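Chain residues, written in single-letter form:
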Amino acid sequence: MTGATSRERAAARGREAAARPRAARRMEVHGVVQGVGFRPFVWRLAQRFGIDGWVRNRSGVVEILAEGLPDSLAAFCSALAEEAPPLAHIEDVHCEEIAVAGLAGFEVDTSLDGPAGGRLVSPDIATCPVCLRELFDERDRRYRHPFINCMDCGPRFTIIESLPYDRERTSMRTFPMCDECAREYANPGNRRFHAEPVACPTCGPALTLLDRRGRHVHGDPIERAAARLRAGGIVAVKGLGGFQLACDATNESAVAELRRRKHRPDKPFAVMAPDLAAAQAVADLTPSEAAVLSSWQAPIVIVRDRGTLAPSVAPGHRHQGLMLPSTPLHHLLLQQVGGPLVMTSGNAAEEPICIDNDVARDRLAGIADLFLLHDRDIVARYGDSVVRVWRGEPVFVRRARGVAPSSIDLPARVTPTLGAGALLQGAFCLAAGERAFLSQCLGDLDTEESMGAYHEALNRYRTVFGIAPELVAHDLHPDFPTTRFAETTGLPTIGVQHHHAHVAAVMAEHNLEGHVIGVAFDGFGLGEDGTVWGGEFFIADWASAHRAGHLRRIRQPGGDTAVRDPVRMALAHAADAGVLDAARRLLGNAVDDEKAGVVLGQVATGLGSPETTSAGRLFDAVAALTGVWRGLTSYEAQPAILLEQAADPSATSEYSFDLDIEEDRLVIDTRPIVVAVVRDLVRGRAPAVVAGRFHRTMAAAVLEVVRVLRGQTGLERVCLGGGVFNNDLLVSDLVARIEAVGMEVYLPRRAPAGDGGIGLGQVLVAHARTS
């Protein structure tokens, strides 16, 4: 065609393409592909490659029927996986060749319900940069709209009632779209195409500001709420997954008043900074911490404090829980305030977080001065996720908003199973096939209300993910509410030892098979012998855990009373080590003769004082001896946490310890450690140095047991689980030591190290014992 025009050449190519045979494929895309902009992404690919057909949601998958030239169809299929939206997570694409039907054009079809298996749902997503620019753009029609969102951000799991994910199955169904929003919603080329929460000031949810008597506060709700916060007031804010209580984080009287009203004397408050620059003024951030803070998950990140906040925000802590705004409402409020705010859970004491407007006004009336409300219902109760950054990557201390209900891949296909969890940091795990759905943290499950929230969340997971458990795994402790619940389900049950579940959770997360050396350190777990365990070494696989070692047994005077009063454990350990008189002098006014007599009597007789090997209780004892904390505890692991905060990380020496053999088990004799701690303190050694040496000693002792067990078994893999391993100082030292001797170390990252991850381990153990 020498001399042909470009139009003639294009026409010739068109005739040639028309003459070529077409191909057709039906595809199912599995993974997190709903609520993440996947269908408009597919539509755009179809336009790019000249593909005809359709795409639609069905239950938890995306179905695609595509026709086109073979080369174009192959390129289209490759781009599906290689160019997927950043929030999507493709696990698998099922593809089959089908007959060509002669389709013309490409459409986004109506969603269908379908089989329950394989459902995955996106967690809630923090406000994206594009929506954030629109939020503060006076020319945009969604300027200062507190509920702005698009396919790349906004509420997901907290508004979903069932799948497939469409507006009529969310709490947005009560907000009919205006014509302009409807056009955006229906346009595959618009980034708000099928963004189910899409709305604007004309048709979307609206804010209301009330005082504690329920009277409307006139004026702009955000401006008036911000003014009250700047003046030292306390405001209840309806967030994404529940209410939060806010006050000025730089105002000591405001923070102290919030503590008084909330009956939360010591537990650190989380702080929300307006933006990353403000966060860097509050905390000494590493680049990795800044990246996690700014991520779409927007979790609370434990960071080093610069000392600019009110002292009562985190008393006794050198580190602070810090987060950035995760919703447009929070962005607007923080921008209006112009500084960091305490942003803590909207509940009284340890009650479940309030999610209903009327309930919040009733229960928080004695705490909040004002209530910043909106009329979009919260379907799922969620707090904020908490992470610490270790070796540049996030480690989850608490799974909640932005993380749950993301699935965790299992190393085996399991029968539909419920891991009921434990008592503290309540969380269940619902699993089927090769996926485990570890729930959000539901708080301590020691009240009827908290168990009500547990049942509510479990029923929701069963509905959304379509999993009906056929087996329930639970803790061995018969008095845990989760154990009692398991026994009422009418399903087969399997009891799983607490610390075996901790180790198995690490194996599940890291897809480890075979045997490992497991180290489980925490405060409490019922042992197979009926005593209290908590400083354990195992040779473990999925099905079994041989107890190969532990800390020295000691009496826990008064049982649970000693958990609340660390001085009791200080006396018990000092008496056991033969340094009671010196310890009494160190403890001073924290223990009088009467109290000492009662406690030591319990130690001597064993009355109401079970034997324990708990590492947590040993940390408590050292915290009391050093003077770091001698009062009654008001939150879990308070003495141990404060001991880590007080410890001098530059301490280089460590104390001696002994290894004994007891019934073929290695026993770390804690007596030399306690003797050395007491002597150092009596000689005037700074408590910070003593705390640092104690941490190094514990790392050295664990390493020694691990090395002996490697020599006995040849095992090279070590799994660390249990709440004590939330201690960054201990973990960093211990992992470095184990790696230095050539062994592999595995820690929980996606599942919490404490009891919030134990349900995952229960599922794996139950599978191994029944398969």
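Residues numbered from 1 in each chain as written. Predicted model: local features only at pLDDT ≥ 70, side-chain atom pairs only at ≥ 80, totals over all residues. Heavy atoms only, no water.

S.K.: Hey, could you go over the side chain of Thr633 for me, with residue numbers and the actual values?
M.R.: Position of Thr633 among the secondary structure elements: in the loop between α19 (615-626) and α20 (638-646). Assessed through its relative accessible area of 18%, Thr633 is described here as buried. A polar contact is formed between the side chain of Thr633 and the backbone oxygen of Val563, at a distance of 3.5 Å. (Helix = DSSP H or I, 4+ residues; strand = E, 2+ residues; numbered from the N terminus. Buried < 20%, exposed > 50% of the residue type's maximum accessible area, 1.4 Å probe, protein only. Polar contact = N/O pair within 3.5 Å; in protein donor to acceptor, adjacent residues only side chain to side chain.)

S.K.: Explain the sheet that holds strand β18 (residues 429-438) to me, and be specific about the residues and the numbers.
M.R.: Sheet architecture is open: four strands sit in the order β18-β17-β19-β20, paired in mixed fashion. Among the strands making up the open sheet, the edge pair consists of β18 and β20 (493-496). On average, each strand axis in the sheet is tilted by 60° relative to the strand beside it, whichever way the strands run. The sheet contact formed by strand β17 (residues 408-419) and β18 spans six bridges and is antiparallel. Residue pairing in the sheet places Val414 in a bridge with Gly433 of β18. Contacting β17 and β18, helix α12 (residues 448-465) crosses the sheet at an angle of about 150° to β18. Here helix α24 (residues 758-770) sits on the sheet and contacts β17, β18, β19 (471-475) and β20; the angle it forms with β17, its principal contact strand, is near 85°. (Pairing = 2+ DSSP bridges. Axes fitted to C-alpha atoms, helices over the stretch in contact; angles between N-to-C directions. Contact = heavy atoms within 4.5 Å.)

S.K.: Break down the nonpolar core for me, citing the residues and quoting the values.
M.R.: Residues Phe38, Ile64 and Phe76 are the most contacted members of the largest nonpolar core, which totals 94 residues. Those residues within four positions of Ile64 in sequence are excluded, and the remaining contacts are Arg25, Arg26, Met27, Val29, Val42, Trp54, Val55, Phe76, Leu80 and Phe106. Counting 70 residues, the second-largest nonpolar core is a separate cluster that includes Val579, Ala624, Ala647 and Val745. (Core = buried A, V, L, I, M, F, W, Y, C linked by side-chain atoms within 4.5 Å.)

S.K.: Lay out the packing of aromatic side chains with the relevant residues and their values.
M.R.: Taken as a whole and assessed by the stated rule, the structure comprises 14 aromatic pairs. Pairing Phe428 with Tyr461 gives two aromatic rings, centres 5.1 Å apart and planes at 85°, and the pair type is edge-to-face. Highlighted residues: Phe428 in the loop between β17 and β18 and Tyr461 in helix α12, separated in sequence by 33 residues. For Tyr461, a relative accessible area of 1% corresponds to the buried category. Where Phe437 meets Phe465, the ring centres are 4.0 Å apart and the plane angle is 20°; that geometry is what we call stacked. Pair noted here: Phe437 is in strand β18 and Phe465 is in helix α12, with a separation of 28 residues, a long-range link. The exposure classification of Phe437 matches that of Phe465, with both residues buried. A network of ring pairs unites the aromatic residues Phe157, Tyr382, Phe428, Phe437, Tyr454, Tyr461, Phe465 and Phe485 as a single cluster. The ring of Trp533 has Arg547 lying over it, and the distance from NZ or CZ to the ring centre is 3.9 Å. (Phe/Tyr/Trp six-rings, centres within 6.5 Å; stacked < 30°, edge-to-face > 60°. Lys NZ or Arg CZ within 6 Å of the ring centre and 35° of its normal.)

S.K.: Lay out empty space enclosed by the protein with the relevant residues and their values.
M.R.: For the coordinates displayed, the defined rule picks out five cavities of 30 Å³ or more. Estimated volume of the largest cavity: approximately 120 Å³. Residue lining of the largest cavity: 17 residues in total, with Pro146, Leu240, Thr327, Pro328 and Arg376 positioned closest to the centre. Roughly 60 Å³ of internal volume is contained in the second largest cavity. Val33, Gln34, Gly35, Gly37, Phe38, Arg39, Pro40, Asn57, Met151, Tyr165, His194 and Glu196 are the residues that line the second largest cavity. Top contributing element to the lining of the second largest cavity by residue count: helix α2 (residues 38-49), with three residues. Of the residues assigned to the lining of the second largest cavity, the class counts are five nonpolar, five polar and two charged. (1 Å grid on protein atoms, 1.4 Å probe; cavity = no way out; pocket = protein on both sides within 12 Å on 5 of 7 lines; lining within 4 Å. Points joined across faces, edges and corners; volume = space filled by probe spheres on them. Nonpolar A, V, L, I, M, F, W, Y, C, P; charged D, E, K, R; others polar.)

S.K.: Describe the pairing of strand β1 (residues 23-32), and please don't skip the residues or the numbers.
M.R.: Buried residues dominate β1, accounting for eight of its ten residues. Here seven bridges tie β1 to strand β3 (residues 61-68), and the two strands are oriented antiparallel to one another. In the sheet register, Arg25 faces β3, and the bridge partner there is Ala66. Alignment of β1 against strand β4 (residues 89-98), held across nine bridges, turns out to be antiparallel. Following the sheet pairing, Arg26 is matched in β4 by Glu96.

S.K.: Can you tell me about the pattern of salt bridges, naming the residues and giving the values?
M.R.: Taken as a whole and judged by the stated rule, the model has 50 salt bridges. In this structure, the salt-bridge partner of Arg142 is Glu184, at a minimum N-O distance of 2.6 Å. On the criterion of sequence distance, the pair formed by Arg142 in the loop between α4 (129-135) and α5 (179-186) and Glu184 in helix α5 is long-range, its members being 42 residues apart. The same class applies to Arg142 and to Glu184, which are both buried. Arg306 is paired through a salt bridge with Asp284; the nearest N and O atoms lie 3.8 Å apart. Within this pair, whereas Arg306 is found in the loop between β11 (300-305) and β12 (319-323), its partner Asp284 is found in strand β10 (residues 283-284), the two being separated by 22 residues in sequence. Assessed through its relative accessible area of 46%, Arg306 is described here as partly exposed. Within this structure, Glu28, Arg56, Arg58, Glu63 and Asp109 form a network of salt bridges that share partners. (Salt bridge = Lys/Arg side-chain N within 4 Å of Asp/Glu carboxyl O.)

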